[in-house]
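One-letter residues, chain by chain:
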Amino acid sequence: MKSILTLSTIIAFTVSALGQISFSPVGIGTSRSDRAVVDMNGDFLDDIVSVATSSVQVFYQQPDGSFVEEILFTSPADNLPSWSLAAADYDGNGYTDLLYGGGNGVTIMRANNAGDGFQEISFPQYVFSQRSNFVDINNDGHLDAFVCHDVEPNVYYINDGQGNLTYYQGGIGDYPSGGHYGSVWIDYDNDGDMDMFNAKCGGEPARREDELHQNDGFGNFTELAASAGLQDPMQTWSSAWGDYDNDGDMDVFVGNSTDPNAHKLMTNNGDGTFTNISATSGVQDLAATGIENCAYDFNNDGYVDIASNGNIFLNNGDLTFTLYTNVLPSNNGSFGDLNNDGFIDSFTGSTIFMNIANDNHYLTINTVGVESNRNGIGARITVVSDLGSQIREVRSGEGFRLMSTLNTHFGLGQDVEIATITVQWPSGIVDTLENVAVDQTIVIVEGSTILGVNDQDPLSIALSPNPVRDILMVSGAQSVEGAQYDVFDMQGKVVVQGVLGNSGINVGALAQGNYVLRL
């Protein structure tokens, strides 16, 4: 069932008018449990997802700002995402799959190859799910699934490369009675693999001590929270990780779920340890507590802000923050760009909270993995402009319950050009772009800026004719015959591939448009 919806503001005033940050509520007809803002169909526009036992309701965002509603019916799910939802294309078919973290177990909704339905896969093991994530745990190029267990050691599901997931328990959060609430996967030590921070809550002090699991790059983990300075028995359900001081490593805000004015900001020292700067940062100005914490640059000034249970800390750029209270609903909502204007919006219930844009610039990056997982989850992106250097990571599953965008967003303040963009992929491949314009969305395909043919200078490769109608001829200062080639469309899908001979590449069957050639 499809219907077309053009959004209109449901009330004539904004929820907040706070100088530097304000949102306008816009109604949308979700009729199931709201759970996600994420691209479902591979066009890189954030969609809105809500779910029920036997269906998934998707509002597909259109380039003109409207939404097309579609109900995708499923076989009944054994478990619903009553505790969390994660999303990613774990089988690499171009369509987004969903993980339902329920109170009794885990269900995967695996999107079919047409993107118009799901295969329901439920696992038999009892899991009292909390936060869930998709991440490449063992760095083999395939997305695995991870689920926090409230009353036992954590569980995870390893992908065999064919989209089959095998259940494992233990080794990444093993407290016998659980207390594992808010997992988030980050590269805190800048070694190119994803580590895991686990916000913990409930029970005796030892049960609720936060954990930091360092990845050795092969899926083996060592718990180091005490030596890092992050082992705290405070009650917390989630944390918000970002480079708050733009110094090239990830810092962390840990939101207290029970004690007013007890939130923590820990700055990364770059040597595996963290320093508590809560008292001087302004984060303890917030008396409200709760379970949802996330990090985005909401005003596009080039400094990552913090959303904590509907309140926003705007980053002043000097490791101090200005608090604005009750800006959004108390669950924060799911975050993404829901009108494609380069500013981060929120969705919850049946309402979109549109971020009122200012004159700051932005860049949105869509990552498409080839050697790495298709979404590029785990990639580290560095953008350098006159403001300095900013970093982001591609993650699935932040905060506690909801799922937010897989697109990567940078605010750029008044900068009008980006000097360099560097993407360090989980595979170790590095892509670099130079002199990139602002206020646009770009797709970066893994390896697309690397020729890899006898290390030739890109300027020595000639393509003719360009534009091309039928046969594209490729030549170089050195022979390119025998080189493997892939042609990608702008959604990152491989549309032609083969080995170069002396007859060129036949692209006659492709639709008119722009494509990327990788040798």
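Residues numbered from 1 in each chain as written. Predicted model: local features only at pLDDT ≥ 70, side-chain atom pairs only at ≥ 80, totals over all residues. Heavy atoms only, no water.

Just to check I follow, could you spell out the overall build of the protein for this structure?
Per the secondary structure count, the protein includes two helices and 42 strands. In terms of overall size, the protein behaves like a compact globule, its C-alpha atoms giving a radius of gyration of 23 Å where 519 residues would be expected to give roughly 24 Å. Projected onto its principal axes, the C-alpha positions of the protein cover 70 × 50 × 50 Å. Of all 519 residues assigned to the protein, the portion counted as buried reaches 58%. Looking at the protein alone, contacts between residues at least 24 apart form 50% of all its contacts between residues at least 6 apart. On the protein, roughly 19,000 Å² of surface is accessible, and the fraction owed to carbon and sulfur atoms is 48%. (Helix = DSSP H or I, 4+ residues; strand = E, 2+ residues; numbered from the N terminus. Rg over C-alpha atoms; globule rule 2.2 N^0.38 Å. Buried < 20%, exposed > 50% of the residue type's maximum accessible area, 1.4 Å probe, protein only. Contact = heavy atoms within 4.5 Å. Areas by Shrake-Rupley, 256 points an atom, 1.4 Å probe, with all protein chains shown as cover.)

What is the right way to read the environment of valine 252 from this model?
Counting through the fold element by element, valine 252 comes out in strand E20 (residues 251-254). Residues in contact with valine 252, not counting those within four places in the same chain, are Leu230, Ser239, Ala240, Trp241, Tyr244, Lys264, Leu265, Met266 and Phe274.

Help me understand the pattern of salt bridges in this model?
Any two side chains of opposite charge can pair, on the condition that their charged atoms come close. Counted according to the given criterion, the structure contains eight salt bridges. Among the ionic pairs, glutamate 211 bridges to lysine 200, the shortest N-O distance being 3.3 Å. Separated by eleven residues along the polypeptide, glutamate 211 in strand E17 (residues 211-215) and lysine 200 in strand E16 (residues 195-200) bring together distant segments of the chain. With respect to class, glutamate 211 is no different from lysine 200; both count as buried. Residues arginine 395 and glutamate 398 are paired through a salt bridge, measuring 2.9 Å at the closest nitrogen-oxygen approach. Here the two residues arginine 395 and glutamate 398 agree in accessibility, since each one is buried. Residues joined in a network through salt bridges with shared partners are Arg380, Glu393, Arg395 and Glu398. (Salt bridge = Lys/Arg side-chain N within 4 Å of Asp/Glu carboxyl O.)

It is not clear to me how the sheet that holds strand E29 (residues 351-355) should be interpreted in this structure. Could you clarify?
Neighbouring strands of a sheet are bound in pairs by backbone hydrogen bonds; such pairs are parallel or else antiparallel. With respect to topology, four strands assemble into an open sheet ordered E2-E29-E28-E27, the strand pairing being antiparallel. Each having just a single partner strand, strand E2 (23-27) and strand E27 (334-336) make up the two edges of the open sheet. Sheet twist, expressed as the mean angle between neighbouring strand axes with direction ignored, is 25°. Here E2 runs beside E29; their pairing, made up of five bridges, is antiparallel. Across the sheet, valine 26 pairs through a bridge with isoleucine 352, a residue of E29. (Pairing = 2+ DSSP bridges. Axes fitted to C-alpha atoms, helices over the stretch in contact; angles between N-to-C directions.)

Is there a simple way to think about the nonpolar core in this case?
Of all hydrophobic cores here, the largest spans 52 residues; its most connected members are Leu98, Phe134, Tyr157, Leu363, Ile365, Val383 and Ile421. Leave out the neighbours within four places in its chain, and isoleucine 365 touches Ile381, Val383, Asn407, Thr408, Phe410, Ile421, Ile442 and Ile444. Listed in part, the 17 residues of the second largest apolar core include Trp241, Met250, Val252 and Phe274. (Core = buried A, V, L, I, M, F, W, Y, C linked by side-chain atoms within 4.5 Å.)

When you look at the packing of aromatic side chains in this model, what are you seeing that I'm missing?
Where two aromatic rings form a pair, the distance of their centres and the angle of their planes describe that pair. Overall, the coordinates contain 21 aromatic pairs when judged by the stated rule. Ring geometry for phenylalanine 146 and tryptophan 185: centres 5.3 Å apart, planes at 80°, overall edge-to-face. A residue pair is termed long-range when its members are at least 10 positions apart, and phenylalanine 146 in strand E12 (residues 144-149) and tryptophan 185 in strand E15 (residues 180-186) qualify at 39 residues. Per residue, the accessibility class of phenylalanine 146 equals that of tryptophan 185, and both read buried. When the centroid spacing of 5.3 Å and the interplanar angle of 65° are considered together, the rings of phenylalanine 298 and phenylalanine 335 count as edge-to-face. Note that phenylalanine 298 is positioned in the loop between strand E23 (293-296) and strand E24 (305-308) and phenylalanine 335 in strand E27, a separation of 37 residues in sequence. As far as the burial class goes, phenylalanine 298 and phenylalanine 335 line up, both buried. Joined through ring pairs, the aromatic side chains of Trp83, Phe128, Tyr181, Trp237 and Phe400 make up one cluster. (Phe/Tyr/Trp six-rings, centres within 6.5 Å; stacked < 30°, edge-to-face > 60°.)

Hey, could you run me through the confidence of the model for the protein in this one?
Parts of the model with low pLDDT should not have their predicted coordinates read in detail. Looking at the protein as a whole, the pLDDT averages 91, with 90% of positions reaching at least 70. Contacts from residues 451-460, a stretch scored under 50 in pLDDT, to residues over four places away or in other chains number 21 contacts. (pLDDT = per-residue confidence, 0-100.)

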